[in-house]
Number of protein chains: 2
Amino acid sequence: MAAIDEVFREVAAGAVNYGVVPVENSTEGVINHTLDNFMDSSVHICGEVELRIHHHLLVSDITKTENITRIYSHAQSLAQCRKWLDSHFPKAERVAVSSNAEAAKRIQSEWNSAAIAGDMAAELYGLTKRSEKIEDMPDNSTRFLIIGTQPVSASGDDKTSIIVAVSNKPGALYNLLAPFHSNGIDLTRVETRPSRNGAWSYVFFIDFVGHADEQKVSSVLSEIADQAADVRVLGSYPRAVM
Amino acid sequence: MAAIDEVFREVAAGAVNYGVVPVENSTEGVINHTLDNFMDSSVHICGEVELRIHHHLLVSDITKTENITRIYSHAQSLAQCRKWLDSHFPKAERVAVSSNAEAAKRIQSEWNSAAIAGDMAAELYGLTKRSEKIEDMPDNSTRFLIIGTQPVSASGDDKTSIIVAVSNKPGALYNLLAPFHSNGIDLTRVETRPSRNGAWSYVFFIDFVGHADEQKVSSVLSEIADQAADVRVLGSYPRAVM
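Residues numbered from 1 in each chain as written. Chains lettered and ligands numbered in written order. Predicted model: local features only at pLDDT ≥ 70, side-chain atom pairs only at ≥ 80, totals over all residues. Heavy atoms only, no water.

Participant: How do you make sense of the pairing of strand β12 (residues 202–209) of chain B when you look at a structure like this?
Facilitator: In summary, the side chains of a regular strand alternate between the two faces of the sheet. All names here are of chain B. Across the eight residues that make up β12, a large majority, seven, are buried. Of the pairings in the sheet, the one linking strand β10 (residues 158–165) to β12 comprises seven bridges and is antiparallel in character. For A165, the partnering residue across the bridge sits in β12 and is V203. Looking at chain direction, strand β11 (residues 187–194) and β12 are connected through seven bridges and run antiparallel. Among the inter-strand pairings, V190 is bridged to a residue of β12, identified as I206. (Buried < 20%, exposed > 50% of the residue type's maximum accessible area, 1.4 Å probe, protein only. Helix = DSSP H or I, 4+ residues; strand = E, 2+ residues; numbered from the N terminus. Pairing = 2+ DSSP bridges.)

Written out as structure tokens, the structure reads:
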């Protein structure tokens, strides 16, 4: 797929059984566009996986390094290689496109452009790696979510992701976290995003350890539902080893 | 200045007394690059201001709408106008540059490009507004911070911003928020960013009501300092009316 939105659309439409979307990078943080897609979609999260991400500077065979004036990639990858680009190509234009695959595809026949993408894109589009492993942080990793339409049953070591909309009043976040704490449930991630209901209102994306089928988890969820304007379980899924 | 980094640099170097940097947009959320700059800089936050943001599609006089194949702007502005661009210029390339001013400057002599920027850039660079108010959300607003080198004394209605690094263990965020709650201090924003110390470790950016000189606030801060790996007060400043 050319973009994250399309992965959500294809899964929701039933054209494919599963999709894989990036959700968080260790250097650049959360991928907002993926979180925002969950607000508008009814897909379930079925799993997660973490991968080390290496970025390469890809060019077509005809491209001389000194001629590179434009570099294409997804905005996230451009950000993950920002320092490398600042020092090696300070004057080249950075063009944010919808995916790294799209960037690689686009430069196939260009003589003055490069793309930042991974090994698979280099192979798929017959490009040369002009510079390898150009990511700024040596342990650059991305967490991906596997999305589908069916819930997944408990594996014994699971995580659950929820979206919660709370009214914008003092103590809202603290009160939201309290039931998790009192029930001994570990939060692994709390992320805030603007809601679609007017300026300066927010929704929280919360990941925690446990499966929605567990007694303890379902009682916390109903406790939260009592105080929140809206709660939606995005899915419970086997925890990735990180 | 051409980019956020430069504003931080000029203020820290004493070349200017104050700088203004965007920190959060009501449509697109937090401006990560600004938060990350605070991690590496010793500047103080001296104030905040919220502004309604209108984006326009700017072109030079020689540009015909049907010839526009590239649109320049800051990545944030491109994101704030994403739906408009998808419907009006689905095929045009979106080029993320360091600022909207830079985008406007760049298209002055181009016949096939447009920039997304505001009124001031249009005036400054003599550009024509081909389409006005193209932001996706009608109440699109941005909160800016005023940064300087001197702390600001209490005004009676203040906010304080801090950065806290905690060790990555269960309950870390909850335990961090507890002292605020028990002292009746309202949090206005909690943001998580990757720390620079290895993959999957985080720092929290916390905004709350009160001035660091207040007894109640300073006791909360010392309580937090006991449990956190690192706490830094970015500044206390008069609260903006929002």
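Participant: Where do I start with the nonpolar core in this structure?
Facilitator: The biggest cluster of nonpolar side chains holds 38 residues, and the ones touching the most others in it are I206 of chain A together with I206 of chain B. Those elements that provide at least two residues to this core are β10 (158–165), α7 (172–182), β12 (202–209) and α8 (215–227) of chain A together with β10, α7 (172–182), β12 and α8 (215–227) of chain B. (Core = buried A, V, L, I, M, F, W, Y, C linked by side-chain atoms within 4.5 Å.)

Participant: What should I look at first to understand unusual backbone geometry in this one?
Facilitator: The phi torsion at K133 of chain A lies on the positive side, around 50°, for a residue other than glycine. Along the chain, K133 of chain A falls in the loop between β8 (128–131) and β9 (141–148).

Participant: Even after reading the chapter, I still don't get the side chain of T142 of chain A, so can you show me in this structure?
Facilitator: Its place among the elements puts T142 of chain A in strand β9. A polar contact of 2.9 Å, which involves the side chain of T142 of chain A, links it to the side chain of N25 of chain A. When near neighbours in sequence (up to four residues on either side) are disregarded, T142 of chain A contacts P22, E24, N25, V49, E50, L51 and I53 of chain A together with W200 of chain B. (Polar contact = N/O pair within 3.5 Å; in protein donor to acceptor, adjacent residues only side chain to side chain. Contact = heavy atoms within 4.5 Å.)

Participant: Explanation requested: the pairing of strand β6 (residues 93–96) of chain A in the structure shown.
Facilitator: Residue and element names in this part refer to chain A. Residues E93 and V95 of β6 are buried on one face, and the alternating residues R94 and A96, pointing to the opposite face, are buried as well. Two strands pair when backbone bridges link them, and strand β5 (residues 70–73) and β6 are joined in this way by four bridges, in the parallel orientation. Across the sheet, the residue bridging to Y72 is V95, located in β6.

Participant: How do you make sense of the interface of chain A and chain B when you look at a structure like this?
Facilitator: On the side of chain B, 44 residues touch chain A, which itself brings 44 residues to the contact. Both sides of the chain A and chain B interface together cover about 3600 Å² of buried area, and 53% of this is carbon and sulfur. Interface area lost by chain A to chain B is led by Y174, H181 and W200 of chain A, which between them contribute 20%. Linking chain A with chain B are six salt bridges. (Buried area = accessible area lost by both parts, 1.4 Å probe. Salt bridge = Lys/Arg side-chain N within 4 Å of Asp/Glu carboxyl O.)

Participant: What am I meant to see in the environment of L58 of chain B here?
Facilitator: All names here are of chain B. Note on placement: L58 falls in strand β4 (residues 56–59). Taking C-alpha positions, L58 is 5.1 Å from A115, a pair spaced 57 residues apart along the chain. Ignoring anything within four residues of it in the chain, the contact list for L58 reads I107, A114, A115, A117, G118, A121, A122, L127, T128 and K129.

Participant: Just to check I follow, could you spell out the packing of α7 of chain B against α8 of chain B for this structure?
Facilitator: If you want to describe how two helices pack, look at the angle between their axes and the distance between the axes. All names here are of chain B. Contact geometry for α7 and α8: axes closest at 9 Å, N-to-C directions at 160°. Classified by the interaxial angle, the pair formed by α7 and α8 is roughly antiparallel. Seen from above, α7 lies across α8 with right-handed handedness. Across the interface between the two elements, N175, L176, P179 and F180 from α7 touch V220, E223, I224 and Q227 from α8. Of the residues that constitute the contact of α7 with α8, the class distribution is five nonpolar, two polar and one charged. (Axes fitted to C-alpha atoms, helices over the stretch in contact; angles between N-to-C directions. Parallel < 35°, antiparallel > 145°, perpendicular 65-115°, else oblique. Left-handed = near helix turned anticlockwise from the far one by under 90°. Nonpolar A, V, L, I, M, F, W, Y, C, P; charged D, E, K, R; others polar.)

Participant: Explanation requested: the sheet that holds strand β1 (residues 19–25) of chain A in the structure shown.
Facilitator: In a beta sheet, neighbouring strands pair by backbone hydrogen bonds and run either parallel or antiparallel. Residue and element names in this part refer to chain A. One open sheet accounts for four strands, arranged β2-β1-β9-β3; its pairing is antiparallel. At either margin of the open sheet sits one strand with a lone partner, and together these are β2 (29–30) and β3 (44–52). The sheet strands contacting helix α1 (residues 4–13) are β1 and β9, and the helix crosses β1 at an angle near 140°. Against the sheet, helix α2 (residues 32–40) touches β1, β2, β3 and β9, its axis set at about 125° to β1.

Participant: What is the right way to look at the pattern of salt bridges in this model?
Facilitator: When charged atoms on two side chains of opposite charge get close, those side chains can pair. With the rule as written, the count across this model stands at 32 salt bridges over all chains. R82 of chain B is paired through a salt bridge with D5 of chain A; the nearest N and O atoms lie 3.7 Å apart. Of the two residues, R82 of chain B is situated in helix α4 (residues 82–88) and D5 of chain A in helix α1; the pairing between them involves two chains. One salt bridge connects R106 of chain B with E93 of chain A, and the closest N-O pair in it is separated by 2.8 Å. With R106 of chain B in helix α5 (residues 100–106) and E93 of chain A in strand β6, this pair bridges two chains. For R106 of chain B, a relative accessible area of 27% gives the class partly exposed. Via salt bridges that share partners, R70, E93, E102 and R106 of chain A together with R70, E93, E102 and R106 of chain B belong to a single interconnected network.

Participant: What is the right way to read the relation of the copies chain A and chain B from this model?
Facilitator: A rotation about some axis, followed by a shift along it, carries one copy of the chain onto the other. Screw-axis analysis of chain A against chain B gives a translation of 0.0 Å along the axis, an RMSD of 0.0 Å, and a rotation angle of 180°. Such a turn and shift between the copies fits a two-fold axis. Among all C-alpha atoms of chain A, that of V95 of chain A lies closest to the rotation axis, at 2.3 Å. When the interface residues of chain A are mapped onto chain B, 100% of them are again interface residues, pointing to one common binding face. (Least-squares fit on C-alpha atoms with pLDDT ≥ 70 in both.)

Participant: Looking at this structure, I do not really get the sheet that holds β10 of chain B. What am I missing?
Facilitator: Residues and elements named next belong to chain B. Taken in spatial order, the four strands line up as β11-β12-β10-β13 in an open sheet, and their pairing is antiparallel. A strand with exactly one partner marks an edge of an open sheet, and here the two such strands are β11 and β13 (230–238). Mean inter-strand twist for the sheet, computed between neighbouring axes without regard to direction, equals 15°.

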